Structure formats: C-alpha cells, structure tokens
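Residue strings, one per chain:
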Amino acid sequence: MTALPTHIEVLIADDNPINQTIFSAFFRKCKMNFDIAKDGAEAVQKWKNGEFDLILMDIDMPVMNGIEATKAIRRLEREHMGQMPVTPTESSSSSSIHTRPRAPVIIIALTTLASQANGVEVLAAGCDDFLPRPVSLPSLTNKIKEWVPREDGARIGID
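This one's a predicted model, so the numbers in the text were calculated from it and none came from an experiment. (Residues numbered from 1 in each chain as written. Predicted model: local features only at pLDDT ≥ 70, side-chain atom pairs only at ≥ 80, totals over all residues. Heavy atoms only, no water.)

Engineer: So what's going on with the overall build of the protein? Residues and values would help.
Structural biologist: Within the protein, the secondary structure is distributed over five helices and seven strands. Looking at the 159 residues of the protein, the share that counts as buried comes to 40%. Taking all contacts inside the protein whose residues are at least 6 apart in sequence as the whole, residues at least 24 apart take part in 58%. In the form shown here, the protein has an accessible surface area of approximately 8,800 Å², with 55% of it arising from carbon and sulfur atoms. (Helix = DSSP H or I, 4+ residues; strand = E, 2+ residues; numbered from the N terminus. Buried < 20%, exposed > 50% of the residue type's maximum accessible area, 1.4 Å probe, protein only. Contact = heavy atoms within 4.5 Å. Areas by Shrake-Rupley, 256 points an atom, 1.4 Å probe, with all protein chains shown as cover.)

Below is the structure:
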C-alpha cells in the first residue's frame, strides 16, 4: 500500500470532539500536519489564514454549516483568483498586500446524509467529493490518495 503524502496541510472542520480526536490521531499517525475548526465560520477563517491543501468538512455544524462554509471558501477563491494574502515583510509597507499563487483547496464533505440527492447538494456547493458517516479510516485513506497529488505533482492513485 502506498503511504499517504506527508507534505500536505489538512483542516478538520468538525464540531464533534470525538470525531476531532479520531481524525487527529489518524493524521498524527500518518505524520501529516493538521488543524481543527469547530464550526464552519472558524473553518473559513482558518482557511483564510492558513495554507491548507485539504479540508474535511462536516456538513452539519453550528454557526455556519459545511455547505455555507464551502460556498464561502469557493467564493473567496474566485474573488482572489488563486492568490492569497502573504504577511508583509518588515521592508515592505504594512498597507500593501503581497500575494502568491494558491491552488484551490480540496474539500471532502463528511455527511450522514449520504443519499444521491445530498451528494449532489454537497458537490453543487463546491465540495470535491464526500464520505458518508460513520467514516471508515480505510475509506478516508482512499479518498486522500484519490485527491491529493504526490510531492512530484502526480496523483498517488489507489493500490
């Protein structure tokens, strides 16, 4: 079995502490960097401030649900046309915004609503894919392999 890439940054957007613990242990064991957002609004804010390659987006969260958070992230990606703010350096003006290229983040929805109609809804919102709950770690591993490129840019593929 091909190992998961360790060069990516993952955001776990899930309000359930048990799920947070399970995903944290999984990513820690895979030696992947990750952060946690407890609701959709926090996920959008962390995405704005971070450099995430993958978001696991719970659909049913407080404050802002996963559909709304995904739409907000995709809108921001379109508005900034692949650019993200970079913290100004001491030698530059603090009022100027410096940007560098940023690829669209991969968003995998996590939902108990795994019917075909709900799958269409999460994809229409801008999610790249979805996993039904309860999420099995082998299914999650396969989704990551399917969506995340290797460090050389090629897809890992599923063994």
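Engineer: Before we move on, could you go through the pairing of strand S7 (residues 129-132) and cite the residues and values that matter?
Structural biologist: Put simply, side chains in a regular strand alternate between the two faces of the sheet. Side chains of S7 alternate between two faces, with Asp129 and Leu131 buried and Phe130 and Pro132 left unburied. Taken together, the four bridges between strand S6 (residues 106-111) and S7 define a ladder with parallel strand orientation. Its bridge partner lying in S7, alanine 109 is registered against phenylalanine 130. (Pairing = 2+ DSSP bridges.)

Engineer: Break down the UniProt feature "modified residue: 4-aspartylphosphate" (unreviewed entry) in the protein for me, citing the residues and quoting the values.
Structural biologist: Residues annotated by UniProt as "modified residue: 4-aspartylphosphate" (unreviewed entry) correspond here to Asp58. Residue placement: aspartate 58 occurs in strand S3 (residues 54-58). Owing to a relative accessible area of 6%, aspartate 58 belongs among the buried residues under this scheme. Once residues within four sequence positions are removed from consideration, aspartate 58 is found in contact with Ala13, Asp14, Asp15, Gly66, Leu110 and Arg133. (UniProt positions renumbered as here; feature names shortened; annotations may be inferred.)

Engineer: Tell me what's going on with the nonpolar core, and back it up with residues and numbers.
Structural biologist: Ranked by size, the top nonpolar core spans 22 residues in total, and within it Ala13, Ile55, Met57, Ile73, Val105 and Ile107 carry the most contacts. Among the elements that take part in this core, helix H3 (residues 66-79) stands out by supplying five residues, more than any other. Core analysis: the next-biggest nonpolar cluster, separate from the first, contains 18 residues, Phe26, Leu54, Leu56 and Ile108 among them. (Core = buried A, V, L, I, M, F, W, Y, C linked by side-chain atoms within 4.5 Å.)

Engineer: Could you give an account of the pattern of salt bridges, with specific residues and numbers?
Structural biologist: Taken as a whole and assessed by the stated rule, the structure comprises ten salt bridges. Between glutamate 79 and arginine 75 there is a salt bridge whose closest N-O contact spans 3.9 Å. Placement of both glutamate 79 and arginine 75 in helix H3 is noted, with a separation of four residues, approximately one turn of the helix. Taking relative accessible area as the criterion, arginine 75 reaches 41% and is therefore assigned partly exposed. (Salt bridge = Lys/Arg side-chain N within 4 Å of Asp/Glu carboxyl O.)

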